[in-house]
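Residue-level listing of the chains:
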Amino acid sequence: MSHQDFSVSEVSADILCEFLEVAFHCILYVRQIYPPGVFERRKKYNIPVQVSRHPEVSSYIQEVVKSLRPLLQSNELEKVVLVILDGFERPVERFVFEITTPQQPNISDDSFLLRIEQALRSFILKLNICEALLSDKPKDCTWTVQVHTKESAVDTLQSQPLIESFPWVQAEDLQTSMADSRLVPLKAIQTGLVQMQLYAEEIEDKT
């Protein structure tokens, strides 16, 4: 890998980490995991976004995203899934981010980052209206983040001090399976820097 490729992979990882942090806050707000008063309005991608003001929630999201950065940079991350669980820790909704980084990332001109921002803005706008596409969820839901990686990611996970301080554990079977679910496609982009698809999955009976 050349120095230029390494720099591009760093840029890509930074952009995706920033986006995922905003997207997680957005999902928690739209799906009303916490009361609206917990969130405050900020601006990102030139649009208003809702961000949690709760220190523990914000800190947890930041730590999750930071731990993803080495996997994004090494192109060993396949999916990031924000899972909404009911009171029995049964997954009732999943928001799936399928991420692929091209083998030879390309930043072709000065307007490239502007186009990336426009693309990511469209993802957030779609998340903002996903409430209308999904059925009501149960009350008192919790959430977790699951990560799907390539087998080679084991070495990366073991060699990163940041990940050692925020370890990932294997998800319980109960939290990974969804019977009688339906898919709700939300958005997809394909650029020289990243390919990403976002969809929601929900079970038919959430009661």
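Refer to the structure above for everything that follows.
Residues numbered from 1 in each chain as written. Predicted model: local features only at pLDDT ≥ 70, side-chain atom pairs only at ≥ 80, totals over all residues. Heavy atoms only, no water.

Caption draft 1: Focus on the pairing of strand β7 (residues 195-203). For β7, the buried fraction is high: seven of the nine residues fall into the buried class. Relative to β7, strand β6 (residues 181-190) runs antiparallel, the two being bridged by nine bridges. In the sheet register, serine 181 faces β7, and the bridge partner there is isoleucine 203. Counting the residues in the hairpin turn of β6 and β7 gives four residues. (Buried < 20%, exposed > 50% of the residue type's maximum accessible area, 1.4 Å probe, protein only. Helix = DSSP H or I, 4+ residues; strand = E, 2+ residues; numbered from the N terminus. Pairing = 2+ DSSP bridges.)

Caption draft 2: Quick look at the nonpolar core. With 58 residues, the main nonpolar core has Phe19, Phe24, Phe95, Phe97, Ile99 and Ile124 as its most contacted residues. If one sorts the elements of this core by residue count, helix α1 (residues 3-30) sits on top with 14 residues. Each residue touching phenylalanine 97, except ones within four places of it in the same chain, is listed here: Phe19, Leu20, Ala23, Phe24, Ile27, Glu78, Lys79, Val80, Met196, Gln197 and Leu198. (Core = buried A, V, L, I, M, F, W, Y, C linked by side-chain atoms within 4.5 Å. Contact = heavy atoms within 4.5 Å.)

Caption draft 3: Structural view of the pattern of salt bridges. Overall, the coordinates contain twelve salt bridges when judged by the stated rule. In this structure, arginine 42 and glutamate 40 form a salt bridge, with 2.5 Å as the shortest nitrogen-oxygen distance. You can call arginine 42 partly exposed: its relative accessible area is 42%. What makes glutamate 40 partly exposed here is its relative accessible area of 27%. (Salt bridge = Lys/Arg side-chain N within 4 Å of Asp/Glu carboxyl O.)

Caption draft 4: Here's a closer look at the side chain of aspartate 86. In this structure, aspartate 86 sits in the loop between β3 (77-85) and β4 (91-100). Reaching out from aspartate 86, the side chain makes a polar contact with the side chain of arginine 90 at a distance of 2.8 Å. In contact with aspartate 86, not counting residues within four places along its chain, are Val92, Pro138 and Cys141. (Polar contact = N/O pair within 3.5 Å; in protein donor to acceptor, adjacent residues only side chain to side chain.)

Caption draft 5: Up close: helix α2 (residues 55-73). Between its first and last C-alpha atoms α2 spans 27 Å; for 19 residues at 1.5 Å apiece the expected length is 27 Å, and the two agree. Listed in full, the buried residues belonging to α2 are Val57, Ser58, Ile61, Val64, Val65, Ser67, Leu68, Pro70, Leu71, Leu72 and Gln73. Positive phi shows up at asparagine 75, right after α2, with a value of about 60°. (Expected span 1.5 Å × (residues − 1).)

Caption draft 6: Main features of the sheet that holds β7. Taken in spatial order, the five strands make up an open sheet running β5-β3-β4-β7-β6, and their pairing is antiparallel. Every other strand in the sheet has two partners, leaving β5 (142-149) and β6 as the edge strands with one partner each. Adjacent strand axes in the sheet meet at a mean angle of 15°, parallel and antiparallel pairs treated alike. The sheet contact formed by β3 and β4 spans seven bridges and is antiparallel. Opposite valine 81, over in β4, you have valine 96 as the bridge partner. Along the sheet, α2 makes contact with β3, β4 and β5, crossing β5 at roughly 5°. Most of the contacts of helix α3 (residues 112-128) go to β6, to which it runs at about 160°, and overall it touches β4, β6 and β7. (Axes fitted to C-alpha atoms, helices over the stretch in contact; angles between N-to-C directions.)

Caption draft 7: Inspection of the packing of aromatic side chains at higher detail. The full count for this structure, using the stated rule, is five aromatic pairs. On the numbers, 6.2 Å between centres and 70° between planes, the contact of phenylalanine 24 with phenylalanine 97 is edge-to-face. Of the two residues, phenylalanine 24 sits in helix α1 while phenylalanine 97 sits in strand β4, which places them 73 residues apart along the sequence. Comparing phenylalanine 24 with phenylalanine 97, the two get one shared label, buried. Judged by centre distance (5.5 Å) and plane angle (75°), the ring pair of tyrosine 60 and tryptophan 143 falls under edge-to-face. One end of the pair, tyrosine 60, is in helix α2; the other, tryptophan 143, is in strand β5, and 83 residues separate them in sequence. Grouped by ring-pair contacts, the aromatic residues Phe19, Phe24, Phe97 and Phe123 constitute a single cluster. Directly above the aromatic system of tyrosine 45 lies the positively charged group of lysine 44, at a separation of 5.4 Å from the ring centroid. (Phe/Tyr/Trp six-rings, centres within 6.5 Å; stacked < 30°, edge-to-face > 60°. Lys NZ or Arg CZ within 6 Å of the ring centre and 35° of its normal.)

All we've got here are geometric facts, nothing functional implied.
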